[in-house]
Amino acid sequence: MSDTPTPIPITHDERGERFVADLGPDGEAELAYARVGGDVLDLQHTLVPPEARGEGVADALVHAAVAHARATGARLIATCRYVAAWKARHRGDADVFTDG
(Lines give C-alpha, C1' and ligand atoms only; values in the text may rest on other atoms or scores of the structure.)
Protein backbone atom coordinates (compact mmCIF):
# COMPACT_ATOMS: atom_id res chain seq x y z
CA MET A 1 0.00 0.00 0.00
CA SER A 2 1.33 3.44 -0.96
CA ASP A 3 1.14 6.61 1.11
CA THR A 4 1.44 8.70 -2.06
CA PRO A 5 -1.81 10.61 -2.60
CA THR A 6 -3.64 10.20 -5.88
CA PRO A 7 -3.04 13.29 -8.02
CA ILE A 8 -6.07 15.54 -8.34
CA PRO A 9 -6.77 16.28 -12.01
CA ILE A 10 -7.14 20.00 -12.63
CA THR A 11 -8.43 21.59 -15.82
CA HIS A 12 -7.96 25.19 -16.89
CA ASP A 13 -11.26 26.75 -17.94
CA GLU A 14 -9.76 29.77 -19.66
CA ARG A 15 -13.11 31.08 -20.88
CA GLY A 16 -14.52 30.88 -17.33
CA GLU A 17 -11.25 32.26 -15.87
CA ARG A 18 -10.77 29.45 -13.40
CA PHE A 19 -8.88 26.27 -12.62
CA VAL A 20 -11.28 23.42 -11.83
CA ALA A 21 -11.11 20.07 -10.05
CA ASP A 22 -13.98 17.67 -10.76
CA LEU A 23 -14.55 15.92 -7.44
CA GLY A 24 -17.21 13.52 -8.63
CA PRO A 25 -20.01 13.17 -6.09
CA ASP A 26 -18.49 15.97 -3.97
CA GLY A 27 -19.01 18.47 -6.81
CA GLU A 28 -16.25 20.68 -8.11
CA ALA A 29 -13.63 22.95 -6.64
CA GLU A 30 -12.27 26.05 -8.30
CA LEU A 31 -9.63 28.71 -8.17
CA ALA A 32 -11.17 31.74 -9.87
CA TYR A 33 -9.07 34.50 -11.36
CA ALA A 34 -9.39 37.71 -13.33
CA ARG A 35 -7.04 38.63 -16.13
CA VAL A 36 -5.24 41.90 -15.39
CA GLY A 37 -3.59 43.07 -18.54
CA GLY A 38 -2.36 40.53 -21.03
CA ASP A 39 -0.24 38.22 -18.92
CA VAL A 40 -1.20 38.78 -15.27
CA LEU A 41 -3.76 36.58 -13.51
CA ASP A 42 -5.24 37.84 -10.25
CA LEU A 43 -6.05 34.69 -8.26
CA GLN A 44 -9.12 35.91 -6.41
CA HIS A 45 -11.05 33.06 -4.83
CA THR A 46 -10.60 29.41 -3.92
CA LEU A 47 -13.71 27.33 -3.34
CA VAL A 48 -13.61 23.69 -2.18
CA PRO A 49 -16.82 21.90 -1.14
CA PRO A 50 -16.91 21.07 2.59
CA GLU A 51 -16.85 17.33 1.85
CA ALA A 52 -13.47 17.65 0.09
CA ARG A 53 -11.69 20.06 2.43
CA GLY A 54 -8.44 18.87 3.97
CA GLU A 55 -7.72 16.58 1.00
CA GLY A 56 -5.18 18.81 -0.79
CA VAL A 57 -7.61 20.09 -3.41
CA ALA A 58 -6.91 23.80 -2.89
CA ASP A 59 -3.17 23.07 -2.92
CA ALA A 60 -3.54 21.23 -6.24
CA LEU A 61 -5.48 24.16 -7.71
CA VAL A 62 -2.73 26.63 -6.81
CA HIS A 63 -0.04 24.27 -8.11
CA ALA A 64 -1.95 24.14 -11.41
CA ALA A 65 -2.06 27.94 -11.60
CA VAL A 66 1.68 28.15 -10.88
CA ALA A 67 2.42 25.50 -13.54
CA HIS A 68 0.27 27.44 -16.01
CA ALA A 69 2.15 30.65 -15.20
CA ARG A 70 5.51 28.96 -15.72
CA ALA A 71 4.41 27.38 -19.02
CA THR A 72 2.96 30.58 -20.45
CA GLY A 73 5.16 33.28 -18.90
CA ALA A 74 2.18 34.69 -16.98
CA ARG A 75 2.51 36.41 -13.61
CA LEU A 76 0.18 35.79 -10.66
CA ILE A 77 -1.32 38.08 -8.03
CA ALA A 78 -2.40 36.46 -4.75
CA THR A 79 -5.58 38.35 -3.84
CA CYS A 80 -7.19 35.20 -2.41
CA ARG A 81 -6.28 34.68 1.26
CA TYR A 82 -5.63 30.98 0.71
CA VAL A 83 -3.29 31.70 -2.22
CA ALA A 84 -1.46 34.38 -0.20
CA ALA A 85 -0.90 31.89 2.64
CA TRP A 86 0.15 29.22 0.12
CA LYS A 87 2.66 31.65 -1.43
CA ALA A 88 4.18 32.33 2.01
CA ARG A 89 4.69 28.56 2.51
CA HIS A 90 6.10 27.95 -0.99
CA ARG A 91 8.82 30.56 -1.33
CA GLY A 92 10.41 28.60 -4.18
CA ASP A 93 7.46 29.57 -6.35
CA ALA A 94 7.58 33.29 -5.52
CA ASP A 95 9.14 34.08 -8.91
CA VAL A 96 5.78 33.69 -10.69
CA PHE A 97 4.00 36.10 -8.35
CA THR A 98 3.87 39.87 -8.56
CA ASP A 99 2.36 42.52 -6.32
CA GLY A 100 0.32 43.88 -9.18
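Now for a look at the structure at hand. Quantities reported herein were computed from a predicted structural model and do not represent experimental measurements.

**Some points on the sheet that holds strand E1 (residues 10–13)**
Reading across the sheet, the 5 strands line up as E1-E2-E3-E4-E5 and stay open at both edges, with mixed pairing between neighbours. Where the open sheet ends on each side, the last strands, each with one partner, are E1 and strand E5 (75–78). Averaged over all neighbouring strand pairs, the angle between strand axes comes to 30°, with direction disregarded. Taken together, the 7 bridges between strand E3 (residues 28–36) and strand E4 (residues 40–47) define a ladder with antiparallel strand orientation. In the sheet register, Val 36 faces E4, and the bridge partner there is Val 40. Its contacts with the sheet put helix H1 (residues 57–72) on E1, strand E2 (18–22), E3, E4 and E5, and the angle it makes with E2 is roughly 135°.

Thresholds applied
- Residues numbered from 1 in each chain as written.
- Predicted model: local features only at pLDDT ≥ 70, side-chain atom pairs only at ≥ 80, totals over all residues.
- Heavy atoms only, no water.
- Pairing = 2+ DSSP bridges.
- Helix = DSSP H or I, 4+ residues; strand = E, 2+ residues; numbered from the N terminus.
- Axes fitted to C-alpha atoms, helices over the stretch in contact; angles between N-to-C directions.
- Contact = heavy atoms within 4.5 Å.

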